[in-house]
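# Notes for the structure review
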Amino acid sequence: MVVSVVVAQPASDFLTRLDVRHGDPVGERLAAFAPSDQSFFGYLFWLSRPRFWLYLAGPVIVGVAYAAERPAELFSPIAIALFAYFLLPANVFLYGVNDIFDADIDTENPKKDEREVRYRGGRIVPWLVAFTGALGLAFLPVLPAVSATGMIVFVLLSIEYSAPPLRFKTMPFLDSVSNGLYVLPGVIAYGALAGSAPPIAAVAGGWLWAMGMHTFSAIPDIEPDRAAGIETTATRLGETRTYGYCAACWLAAAVIFATVHPFFGAVLGIYPLFVLGIAATGIDVDRAYWWFPALNTAVGTLFTLAALWVMLYG
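Residues numbered from 1 in each chain as written. Predicted model: local features only at pLDDT ≥ 70, side-chain atom pairs only at ≥ 80, totals over all residues. Heavy atoms only, no water.

Helix and strand counts for the chain come out as 18 helices and zero strands. Residue burial in the chain is summarised as follows: out of 314 residues, 53% are buried. Excluding contacts between residues fewer than 6 apart, the proportion of contacts in the chain whose partners are at least 24 apart in sequence is 73%. Here the chain has roughly 14,500 Å² of accessible surface; of this, 69% comes from carbon and sulfur atoms. (Helix = DSSP H or I, 4+ residues; strand = E, 2+ residues; numbered from the N terminus. Buried < 20%, exposed > 50% of the residue type's maximum accessible area, 1.4 Å probe, protein only. Contact = heavy atoms within 4.5 Å. Areas by Shrake-Rupley, 256 points an atom, 1.4 Å probe, with all protein chains shown as cover.)

Attention shifts here to the packing of helix α5 (residues 77-87) against helix α11 (residues 184-194). Any two packed helices are characterised by the angle at which their axes cross and by the distance between the axes. At a minimum axis separation of 10 Å, α5 and α11 run at an interaxial angle of 165°. Taken together, α5 and α11 sit at an angle that is classed as roughly antiparallel. Here the hand of the crossing between α5 and α11 comes out right-handed. Here I78, A79, L82 and F86 of α5 come into contact with α11, specifically with P185, I188, A189, A192 and L193. Partitioned by chemical class, the residues of the contact of α5 with α11 number nine nonpolar, no polar and no charged. (Axes fitted to C-alpha atoms, helices over the stretch in contact; angles between N-to-C directions. Parallel < 35°, antiparallel > 145°, perpendicular 65-115°, else oblique. Left-handed = near helix turned anticlockwise from the far one by under 90°. Nonpolar A, V, L, I, M, F, W, Y, C, P; charged D, E, K, R; others polar.)

Orientation of helix α4 (residues 53-67) relative to helix α18 (residues 292-313), taken along the N-to-C sense of each, is 10°, at an axis distance of 8 Å. In terms of their interaxial angle, α4 and α18 are classed as roughly parallel. Counting all contacts with α4, which are made through L54, Y55, I61, V62, A65 and Y66, the residues of α18 involved are F292, P293, N296, T297, G300, F303, T304, A306, A307 and M311. For the contact of α4 with α18, a count of residues per class yields 12 nonpolar, four polar and no charged.

Formed by 75 residues in total, the largest nonpolar core has its most connected members in L82, F86, F154, F216, W250, L268 and Y271. Here this core takes 11 residues from helix α14 (residues 233-258), the largest share from any one element. Setting aside chain neighbours within four positions, we find F216 in contact with Y243, C246, W250, V275, I278, V285, A288, Y289 and F292. (Core = buried A, V, L, I, M, F, W, Y, C linked by side-chain atoms within 4.5 Å.)

It is worth stressing that arrangement in space is one thing and function is another; only the former is reported here.
In structure tokens, the structure reads:
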């Protein structure tokens, strides 16, 4: 594997990375537990994007909640193992591949100055990234066909989003479509417990939701990507039309999910309203981008609580 080596810049300001300010005692206590990125394991911690851990692990929780027939199944060994994998190793894999193949581009990315770290090169990290991908494939012997297929597709898309020969992230609209991969942990977990695939409308709606999330996250990168000669959905459309694209993806996701149950459509209807509000009020997208982990966690919690309600009282 050929990678570019970039000289690391100091990035030990935990309070900035966690988006808290001095004088916030809760934030400062949380920051105290964050490892320094000057250590090797601290660097891996920040490379894995801890703010976004639940983007992969959260769908596992939702998938397990809807597949389980009894409370005990929520804590079955396969459910716990999949959650553990998608909480940390899968994030090291997904974002590690991205950082390795984006090392040159990221020299101009302002997000790397505060809340993320730049790739530092060397031999160990690429091997660890490859190992975390192999860990996902190690589940294949114990997964039913639908989950095994989902895991293989997850690993392939995680690689080819950033790596040659396909490098989907440089192909407008395919970059967006390929990021449906964030739904696959939920499909894998659901299949592992239920032995069958979740409703196709749920998968399609979730895929569209992930497409909108990915494209919105690319808005802050429009100028760095253009400077690096990278063409994405966001650079092709421009900021204003990208807002419209995200709103359309999320509206379609809400409509399709509503065919599974109106509750899901109502909850996902928050997203198109949210992005339209950002566009209408002129809120800085660089600021709004960092609100989504909280919004997504709240929506995922509502989905999970609904599943638990049906299990216990339905």
